[in-house]
Amino acid sequence: MDWMSMVTVGFIRRPHGNRGYVVGEPQTDFGEDRFRVGGIVHVRRGDSIDSMTVVAGRPQGELWVVGFEGFESIDAADALRGLELKVPETELRVLEPGTFYVHDLVGCAVRTVGGDEVGAVVKVDLATGIPVLVIEGAGDLGEVLVPFVDAICRRVRPTVREIEIDPPEGLIELNRTKATVAKALRK
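Parameters at a glance
- Residues numbered from 1 in each chain as written.
- Predicted model: local features only at pLDDT ≥ 70, side-chain atom pairs only at ≥ 80, totals over all residues.
- Heavy atoms only, no water.
- Phe/Tyr/Trp six-rings, centres within 6.5 Å; stacked < 30°, edge-to-face > 60°.
- Helix = DSSP H or I, 4+ residues; strand = E, 2+ residues; numbered from the N terminus.
- Buried < 20%, exposed > 50% of the residue type's maximum accessible area, 1.4 Å probe, protein only.
- Polar contact = N/O pair within 3.5 Å; in protein donor to acceptor, adjacent residues only side chain to side chain.
- Salt bridge = Lys/Arg side-chain N within 4 Å of Asp/Glu carboxyl O.
- Pairing = 2+ DSSP bridges.
- Axes fitted to C-alpha atoms, helices over the stretch in contact; angles between N-to-C directions.
- Core = buried A, V, L, I, M, F, W, Y, C linked by side-chain atoms within 4.5 Å.
- Contact = heavy atoms within 4.5 Å.

Participant: Lay out the packing of aromatic side chains with the relevant residues and their values.
Facilitator: This model, assessed by the stated rule, comprises three aromatic pairs. Their ring planes at 70° and their centres at 6.5 Å tell us that Phe-30 and Tyr-101 sit as a pair that is edge-to-face. With a gap of 71 residues between them, Phe-30 in the loop between strand S2 (21-26) and helix H1 (31-34) and Tyr-101 in the loop between strand S6 (84-87) and helix H3 (102-105) connect regions that are remote in the sequence. Summarising the burial analysis for this pair, Phe-30 and Tyr-101 share the class buried. Taken together, a centroid distance of 5.5 Å and an interplanar angle of 45° make the contact between Phe-35 and Trp-64 tilted. One end of the pair, Phe-35, is in the loop between H1 and strand S3 (40-45); the other, Trp-64, is in strand S5 (residues 63-68), with 29 residues separating them in the sequence. Using a relative accessible area of 2% as the deciding quantity, one classes Phe-35 as buried. In this structure Trp-64 comes out as buried when scored by relative accessible area, which is 12%.

Participant: So what about the side chain of His-42? Which residues, and what values?
Facilitator: Relative to the assigned elements, His-42 resides in strand S3. A polar contact is formed between the side chain of His-42 and the side chain of Ser-51, at a distance of 3.0 Å.

Participant: Can you lay out the pattern of salt bridges for me, pointing to particular residues and giving the numbers?
Facilitator: Pairing between side chains of opposite charge can happen when the charged atoms of each approach one another. Scanning the entire structure with this criterion turns up seven salt bridges. Here Arg-154 ties to Asp-166 by a salt bridge, and the two come within 3.7 Å at their closest N and O atoms. Pair noted here: Arg-154 is in strand S11 (residues 153-157) and Asp-166 is in the loop between strand S12 (162-165) and helix H4 (171-186), with a separation of 12 residues, a long-range link. For Arg-154, a relative accessible area of 49% corresponds to the partly exposed category. You can call Asp-166 partly exposed: its relative accessible area is 33%. A single network of salt bridges, built from pairs that share partners, joins Glu-32, Asp-33 and Arg-93.

Participant: So, the sheet that holds strand S7 (residues 109-112): which residues are in play, and what are the values?
Facilitator: Pairing within the open sheet is mixed, and its six strands lie in the order S10-S9-S8-S7-S12-S11. One side of each edge strand has no neighbouring strand; the edge strands of this open sheet are strand S10 (143-147) and S11. Across the sheet, the axes of successive neighbouring strands diverge by a mean angle of 30°, strand direction being ignored. As paired elements, S7 and strand S8 (residues 117-125) share three bridges and run antiparallel to each other. Bridge pairing links Val-110 to Gly-119 in S8.

Participant: Before we move on, could you go through unusual backbone geometry and cite the residues and values that matter?
Facilitator: Phi angles above zero are rare outside glycine, and Arg-161 is one such case at about 60°. Tracing the backbone shows Arg-161 in the loop between S11 and S12. Residue Arg-161 is classed as partly exposed on the basis of its relative accessible area of 32%.

Participant: Kindly report on the pairing of S12, identifying the contributing residues and their values.
Facilitator: If a strand is regular, its side chains alternate between the two faces of the sheet. Side-chain alternation along S12 places Ile-163 and Ile-165 on a buried face and Glu-162 and Glu-164 on a face that remains uncovered. Pairing between S11 and S12: four bridges, direction antiparallel. The residue of S12 that forms the bridge with Val-156 is Ile-163. Taking the residues that link successive antiparallel strands as the turn, the S11-S12 hairpin has four residues, and the phi of Arg-161 there is positive, at about 60°.

Participant: If you had to explain the nonpolar core to someone new, which residues and values would you point to?
Facilitator: Counting residues in hydrophobic clusters, the biggest one holds 21 residues, and the most contacted among them are Ile-12, Met-52, Phe-68, Leu-80 and Leu-85. Of all the secondary structure elements, the ones that give two or more residues to this core are strand S1 (7-16), S3, strand S4 (48-60), S5 and S6. Discounting residues that sit within four places of it in the chain, Met-52 has contacts with Ile-12, Gly-39, Ile-40, Val-41, Val-43, Phe-68, Phe-71 and Leu-80.

See below:
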């Protein structure tokens with residue numbers, strides 16, 4: 001298995017209770033697929049990639065409480081703290097047209113409808129209710145935050161690694177101003 005070609009579906013945050021369960025932070029909208037009893041996720045510890053079978057899983061607010069086969073104590077669960085959970089891309093659901101996985105968007109070049117380069121997507125922030133593209137700005141732009149909504153993101157073509165945006169007036173300039181102020185403060 002190639003770790004880099006797999007897709008992140010969550011992170012283990014901490015132990016939960018005394019039966020070896022952990023609290024997982026999902027990086028997926030399909031927690032019921034990933035953390036179902038019998039589901040398999042993969043972790044990397046050192047140079048090895050290990051498969052772990054889910055023996056218990058339930059949502060708890062925005063997080064999941066998950067038990068894995070062979071991990072039956074607090075100490076065993078604590079050894080999993082901080083691990084990234086991945087699955088092969090071939091195990092992902094096929095999405096409806098016009099919807100995208102985060103990993104499909106990260107790395108896409110972002111340009112305005114007028115052809116101006118904005119930068120490249122480095123992250124998609126899902127914590128705000130509306131997904132926000134976090135773009136490493138090109139040139140004198142700092143970090144550019146662009147809501148991932150149809151009104152702004154006019155063409156999304158992950159197969160060619162491009163997103164074309166029609167930002168509201170001032171959005172790009174606001175980020176340029178923040179970058180200039182940050183540079184001035186560092187001097």
